[in-house]
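Listed here are the chains, written in short residue letters.
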Amino acid sequence: MRIANYRNRAALIVGTEGYEQAVDIATASQGRFGPALPAVYEQWDAFTDWARGRVELSSDAVGVQREHLGAPSPCPRQVFAVGLNYRAHAAESGFEAPTDLPPVFTKYSSSFTGPDSTVTLPAGGNVDWEIELVIVIGRSAHHIDAAAAWEHIAGLTAGQDISERVSQLRGPAPQFGLAKSFPGFSPQGPWLVTPDEFDNPDDLELQCCLDGEELQKGRTRDLIFSVSDLVATLSRTVTLFPGDVIFTGTPAGVGVGRDPQRFIQPGQRLDSRIEGIGELHQLFQNSASE
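Numbering of residues starts from 1 in each chain and follows the order in which that chain's sequence is written. Confidence filtering applies because this is a predicted model: local features only for residues at pLDDT of at least 70, side-chain atom pairs given and counted only at 80 or more, and all residues used for totals across whole chains, interfaces and linings. To obtain the side-chain values, all non-hydrogen atoms of the structure were included, while hydrogens and water were left out.

Caption draft 1: The overall build of the protein, seen in detail. For helices the rule is a DSSP run of H or I covering at least 4 residues; for strands it is a run of E covering at least 2, with both sets numbered from the N terminus onward. Looking only at helices and strands, the protein has 7 helices and 19 strands in total. At 18 Å, the protein has a C-alpha radius of gyration in line with the 19 Å of a compact globule built from 290 residues. With respect to the three principal axes, the spread of C-alpha positions in the protein is 55 × 45 × 30 Å. Each residue's exposure class comes from its accessible area (1.4 Å probe, protein chains only) as a fraction of the maximum for that residue type: buried when under 20%, exposed when over 50%, partly exposed otherwise. Per-residue burial over the protein gives 54% buried out of 290 residues. Only the protein chains shown count as covering a residue, and every accessible area follows the Shrake-Rupley method with a 1.4 Å probe. Within the structure as shown, the protein displays about 12,600 Å² of accessible surface, and the carbon and sulfur contribution to it stands at 48%. Neither His nor the chain termini are counted; the positive set is Lys and Arg, and the negative set is Asp and Glu. For charged residues, the charge sits on one atom: NZ in Lys, CZ in Arg, CG in Asp, CD in Glu. Taken as two groups, the 22 positive and 37 negative side-chain charges of the protein have centres that lie 2 Å from each other. Computation of the radius of gyration draws on C-alpha atoms, with the globule rule given as 2.2 Å multiplied by the number of residues to the power 0.38.

Caption draft 2: Inspection of the layout of surface pockets at higher detail. Considering only enclosed or pocket space, the largest pocket measures out at about 430 Å³ in volume. Any residue with an atom within 4 Å of a point lines the site, the site being either a cavity, points on a 1 Å grid over the protein atoms alone where a 1.4 Å probe fits but cannot get out, or a pocket, an open set with protein on both sides within 12 Å along at least 5 of 7 lines. Around the largest pocket, the lining comprises 24 residues; the ones closest to its centre are Leu84, Ser93, Phe95, Gln168 and Phe176. At the level of secondary structure, the elements contributing two or more residues to the lining of the largest pocket comprise α4 (87–92), β7 (104–105) and α5 (165–169). Of the residues forming the lining of the largest pocket, the biggest block, 3 residues, is contributed by α5. Grid points are joined across faces, edges and corners, and a volume is the space filled by probe spheres set on the points.

Caption draft 3: Quick peek at the pattern of salt bridges. Any Lys or Arg side-chain nitrogen located within 4 Å of an Asp or Glu carboxyl oxygen qualifies as a salt bridge. Scanning the model with the defined rule gives 18 salt bridges in all. For Asp203, the salt bridge goes to Arg219, with nearest N and O atoms at 2.7 Å. Of this pair, Asp203 sits in the loop between β14 (186–193) and β15 (205–210) while Arg219 sits in strand β16 (residues 213–219), placing them 16 residues apart in sequence. When salt bridges with common partners are traced through the structure, they connect Asp203, Glu205, Lys217, Arg219, Arg221, Arg273 and Glu275 into a single cluster.

Caption draft 4: Structural view of helix α3 (residues 44–51). The complete set of buried residues in α3 reads Trp44, Phe47, Thr48, Trp50 and Ala51. For α3, the buried positions fall inside an angular range of 160° around the axis, keeping them on one side. This arc is taken over the directions from the axis of the helix to the C-beta atoms.

Caption draft 5: Seen up close, the sheet that holds strand β19 (residues 278–285). With mixed pairing, the 5 strands of this open sheet are ordered in space as β9-β19-β18-β15-β16. Each edge of the sheet is formed by a strand with only one pairing partner; in this case those strands are β9 (116–120) and β16. Adjacent strand axes in the sheet meet at a mean angle of 15° when their direction is disregarded. For β15 and strand β18 (residues 269–274), the ladder comprises 5 bridges, and the chain directions are antiparallel. What sits directly across from Cys208, in β18, is Ser272. DSSP-based pairing: two strands are paired if at least 2 bridges between them are found. Axis geometry follows a simple rule: fit a line to the C-alpha atoms, using only the stretch in contact for helices, then measure angles between N-to-C directions, giving values from 0 to 180 degrees.

Caption draft 6: Main features of the environment of His89. Position of His89 relative to the elements: it lies in helix α4. C-alpha of His89 to C-alpha of Arg77: the two residues are 12 residues apart in sequence and 28 Å apart in space. Once you skip the residues sitting within four places of it in the chain, His89 turns out to touch Leu84, Thr250, Pro251, Ala252 and Val254. Contacts: residue pairs with any heavy atoms within 4.5 Å of one another.

Caption draft 7: Highlighting helix α7 (residues 227–235). For α7, the tally of buried residues reaches 8 of 9 residues, placing the bulk of the element in the interior. Every buried residue of α7 is accounted for by Val227, Ser228, Leu230, Val231, Ala232, Thr233, Leu234 and Ser235. For α7, the secondary structure elements touched by its buried residues are β6 (79–82), β7, β11 (131–137), β12 (153–160) and β17 (245–247).

Caption draft 8: The arrangement of the state of the cysteines in detail. Note that a disulfide, as used here, is simply two cysteine sulfur atoms within 2.5 Å. Enumeration over the complete set of coordinates arrives at 0 disulfides. Here Cys208 stays unpaired: no disulfide links it, and the sulfur of Cys209, its closest cysteine neighbor, is 6.7 Å away. The class for Cys208 is buried, based on a relative accessible area of 0%.

Rendered as structure tokens:
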């Protein structure tokens, strides 16, 4: 099942790739669920019971226009981001790979957008790319085991953890959250895909290209802390709530880890993809002050 934030309303996505249609959930359920996605996540069990018998009922479906797609969980109570979760990325960043606990920081939901967007480059910054698999929580979780983690996951989507490296590394200690939360720095989508849609949700290919040049390519089977490990680990400290978002980390190939270093320039286009989920497309422009 695919679920989207379409025109700021919850929608089921039906149809094949390139011919997707959106079914408004509030309309189809006669007001029982929605109209916005946060309300759907709060009733996840009841919603999925209802929806699985109706995903093929598309008489009221409309063709999807990608510019109307928003982030699949647009206003989560909590946003978590995980660093150094691929060994090759840890190495290119100059760090040892984590063993007991991954580094965790937050991104701010004001940086969220849908899958297709134009991003303004902050003045004086070095902006980098980071393709990531993103988890959305469907059921509250606290002190759960990894074996039970997938039962608490609504689904997966694609995300970019766009990062401004000057402000991230300035000061006496790295500043992750703000440097990764400029407007437009957290595009996600194009929709949420429920775990049952994948042959193996723990082994998905992810890739990003800048102006058509492949810069990152990896598989989520190489995560040091798997999806289930991350959800279980976080739940031992905090309570995870329906709609919460977890960025799982990026594979090797980021600009700051290259020699010479390389960053996004005005006019460039970043295309990102995760197998079984879909694509993101970002165009970059100068700030008004430049």
